[in-house]
Number of protein chains: 2
Amino acid sequence: MTAKPAATPAPPYYAVIFTSRRTDQDADEYAEMASTMEALAEAQPGYLGHESARDPDSGLGITVSYWDSEDAIRAWKAHVDHAAARRMGRERWYEVFAVRIARVERAYGWQR
Amino acid sequence: MTAKPAATPAPPYYAVIFTSRRTDQDADEYAEMASTMEALAEAQPGYLGHESARDPDSGLGITVSYWDSEDAIRAWKAHVDHAAARRMGRERWYEVFAVRIARVERAYGWQR
């Protein structure tokens, strides 16, 4: 698959911007959990898409997931498997993170 | 400097989510322009911070800049040097990109 921006519908919709720096622990375990959580998120009601990048030099990563409502975001946050993964994140995988919930009001794109 | 999430104030404020995939052209020239544009953005009225990551495997990059108003975002978009850089981006540096303008409504963070 070629990486590209998520194919989201016309605004308005919601974005969860998750910015983090990883610890240097458990790279394989983390990758496996991240992959599991991506698949689980994609199966949730109201999921529209996501984009993710991590810079190996700085360790900073940004994942943006897109949702059709704030209710969908709340339901995903409350999902029991996701809550367990977030707990592991605080215990082992992240040095620091920030979460921002935002309403996308305008969007445009361009392709070569 | 240790990479970390931008130190933004309490919401509401605005985010510009810029998601792109680079061409394989002009890595040095691109890095220089990106650095120049970061410094210029930081000097604009209403600038609150930014975060950036690019995955070298997938080529996908995400830059999120934060602003205190939509007017500040519009003024930065209209800046003549920024407009020239965006033109270069379409001509040479990007295969595809998406821009989303969003109002940050809630935010929280965590640090080890």
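Below is a short write-up of the structure. All values reported here derive from a predicted model rather than from experimental measurement.

**Quick word on the packing of aromatic side chains**
- Under the counting rule described, the total for this entry stands at 18 aromatic pairs over all chains.
- Relative to Y94(A), the ring of F18(A) lies with its centre 5.3 Å away and its plane at 70°, an arrangement referred to as edge-to-face. Of the two residues, F18(A) is situated in strand β1 (residues 13-22) and Y94(A) in strand β4 (residues 94-111); the sequence distance between them amounts to 76 residues.
- Where W67(B) meets W76(B), the ring centres are 6.3 Å apart and the plane angle is 25°; that geometry is what we call stacked. For the pair W67(B) and W76(B), a shared accessibility class is recorded, and that class is buried.
- Here the aromatic residues F18(A), Y30(A), W93(A), Y94(A), F97(A) and W110(B) are joined through ring pairs into a cluster of three or more.

**A short note on the nonpolar core**
- In this structure, I17(A), V64(A), I17(B) and V64(B) are the most contacted members of the largest nonpolar core, which totals 20 residues.
- Mapped by element, the contributors of at least two residues to this core are β1, β3 (60-67) and β4 of chain A together with β1 (13-22), β3 (60-67) and β4 (94-111) of chain B.
- Non-local contacts of V64(B), meaning those with residues more than four positions away in its chain, are made with I17(A), I62(A), A15(B), V16(B), I17(B), G49(B), H50(B) and E51(B).
- M37(A), A72(A), I73(A) and F97(A) belong to the second-largest nonpolar core, a separate cluster that totals 18 residues.

**Topic: the relation of the copies chain B and chain A**
- Taken as rigid bodies, chain B and chain A are interconverted by a rotation of 180° and an axial shift of 0.0 Å, the fit giving an RMSD of 0.0 Å. Taken together, the rotation and translation relating the two chain copies correspond to the operation of a two-fold axis.
- Both copies present the same face, since 100% of the interface residues in chain B are matched by interface residues at the equivalent positions in chain A.

**A short note on helix α2 (residues 70-78) of chain A**
All names here are of chain A.
- Listed as buried for α2 are A72, I73 and W76. All buried residues of α2 fall inside an arc of 100° around its axis, so they share one side. Of the residues in α2, the exposed ones pointing more than 90 degrees away from the buried face are D71 and A78.
- Residues of α2 that are buried in the fold lie against β1, α1 (27-42), β3, α3 (80-93) and β4.
- Backbone nitrogen of D71 and a side-chain oxygen of the N-cap are separated by 3.4 Å at the start of α2; the cap is S69.

**Remarks on the environment of A10(A)**
- Note on placement: A10(A) falls in the segment before β1.
- Classification of A10(A) as exposed rests on a relative accessible area of 62%.

**What to know about the sheet that holds strand β2 (residues 47-54) of chain B**
- Pairing is antiparallel in the open sheet, where 8 strands are placed in the order β2(A)-β3(A)-β1(A)-β4(A)-β4(B)-β1(B)-β3(B)-β2(B). Both edges of this open sheet fall to β2 (47-54) of chain A together with β2 of chain B, since each of them pairs with a single strand only. Within this sheet the neighbouring strands show an average axis-to-axis angle of 25°, counted without direction.
- Pairing between β1(B) and β4(B): 10 bridges, direction antiparallel. Bridge pairing in β4(B) links A15(B) to A102(B).
- Along the sheet face, α2(A) touches β1, β3 and β4 of chain A together with β4 of chain B and points at about 65° away from the line of β4(B).
- Contacting β4 of chain A together with β1, β3 and β4 of chain B, helix α2 (residues 70-78) of chain B runs over the sheet at an angle of about 65° to β4(A).

**Focus: α1(A)**
Residues and elements named next belong to chain A.
- With 16 residues, α1 ought to run about 22 Å at 1.5 Å a step, and its terminal C-alpha atoms sit 23 Å apart, in line with that.
- For α1, every residue scored as buried is listed here: Y30, M37, L40 and A41. Viewed along the axis of α1, the buried residues span an arc of 95°, placing them on a single side of the element. Seen from the buried face of α1, the exposed residues on the opposite side, beyond 90 degrees, are D28 and E32.
- The inward-facing, buried residues of α1 contact β1, β2, β3, α2, α3 and β4.

**Points about the packing of α1(A) against α3(A)**
Residues and elements named next belong to chain A.
- One can describe the packing of α1 onto α3 by two numbers: an axis separation of 11 Å at closest approach and a directional angle of 155°. Judged by the inter-axis angle, α1 sits roughly antiparallel to α3. Two packed elements cross with a definite hand, and for α1 against α3 that hand is left-handed. Seen from α1, the contacting residues are E29, Y30, M33, M37 and L40; seen from α3, they are D81, H82, A85, M88, R92 and W93.
- Residues that form the contact of α1 with α3 fall into these classes: 7 nonpolar, 1 polar and 3 charged.

Parameters and conventions
- Residues numbered from 1 in each chain as written.
- Chains lettered and ligands numbered in written order.
- Predicted model: local features only at pLDDT ≥ 70, side-chain atom pairs only at ≥ 80, totals over all residues.
- Heavy atoms only, no water.
- Phe/Tyr/Trp six-rings, centres within 6.5 Å; stacked < 30°, edge-to-face > 60°.
- Helix = DSSP H or I, 4+ residues; strand = E, 2+ residues; numbered from the N terminus.
- Buried < 20%, exposed > 50% of the residue type's maximum accessible area, 1.4 Å probe, protein only.
- Core = buried A, V, L, I, M, F, W, Y, C linked by side-chain atoms within 4.5 Å.
- Contact = heavy atoms within 4.5 Å.
- Least-squares fit on C-alpha atoms with pLDDT ≥ 70 in both.
- Arc of directions from axis to C-beta.
- Polar contact = N/O pair within 3.5 Å; in protein donor to acceptor, adjacent residues only side chain to side chain.
- Pairing = 2+ DSSP bridges.
- Axes fitted to C-alpha atoms, helices over the stretch in contact; angles between N-to-C directions.
- Expected span 1.5 Å × (residues − 1).
- Parallel < 35°, antiparallel > 145°, perpendicular 65-115°, else oblique.
- Left-handed = near helix turned anticlockwise from the far one by under 90°.
- Nonpolar A, V, L, I, M, F, W, Y, C, P; charged D, E, K, R; others polar.

Without other data, these values stay purely geometric and don't point to any function.
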